[in-house]
Amino acid sequence: MPEIVWQKSSFSGPEPENACLELARDAADRRLLRESDEMATVLVTDAAPLRALLLAVKAGEFDHLA
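Residues numbered from 1 in each chain as written. Predicted model: local features only at pLDDT ≥ 70, side-chain atom pairs only at ≥ 80, totals over all residues. Heavy atoms only, no water.

1. Describing the layout of surface pockets
Taken as a whole, the largest pocket holds about 180 Å³ of empty space. Taken together, Gln 7, Lys 8, Ser 9, Cys 20, Leu 21, Glu 22, Leu 23 and Leu 54 make up the lining of the largest pocket. Residue classes in the lining of the largest pocket are distributed as four nonpolar, two polar and two charged. Empty space within the second largest pocket amounts to approximately 150 Å³. Of all the secondary-structure elements, those providing two or more residues to the lining of the second largest pocket are β2 (21–25) and α1 (47–58). No other element matches the four residues that α1 contributes to the lining of the second largest pocket. Residue composition of the lining of the second largest pocket, grouped by class: five nonpolar, no polar and three charged. (1 Å grid on protein atoms, 1.4 Å probe; cavity = no way out; pocket = protein on both sides within 12 Å on 5 of 7 lines; lining within 4 Å. Points joined across faces, edges and corners; volume = space filled by probe spheres on them. Nonpolar A, V, L, I, M, F, W, Y, C, P; charged D, E, K, R; others polar. Helix = DSSP H or I, 4+ residues; strand = E, 2+ residues; numbered from the N terminus.)

Here's what the structure looks like:
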């Protein structure tokens with residue numbers, strides 16, 4: 001089984017206190033999400049729902065929750 005390679009945002013610094021969301025793809029082509037300071041907790045989804053979520057975040061649809 002291929003190793004999962006996690007990618008974090010280029011906006012996040014290398015220091016451990018810069019926790020952020022990390023993304024990866026598994027062998028079944030599902031998308032994986034985790035918080036860099038909670039590596040054992042992984043959310044699994046497919047590409048289309050993740051794409052919809054990211055587009056909604058970029059469009060500011062969740063800004064009222066901040």
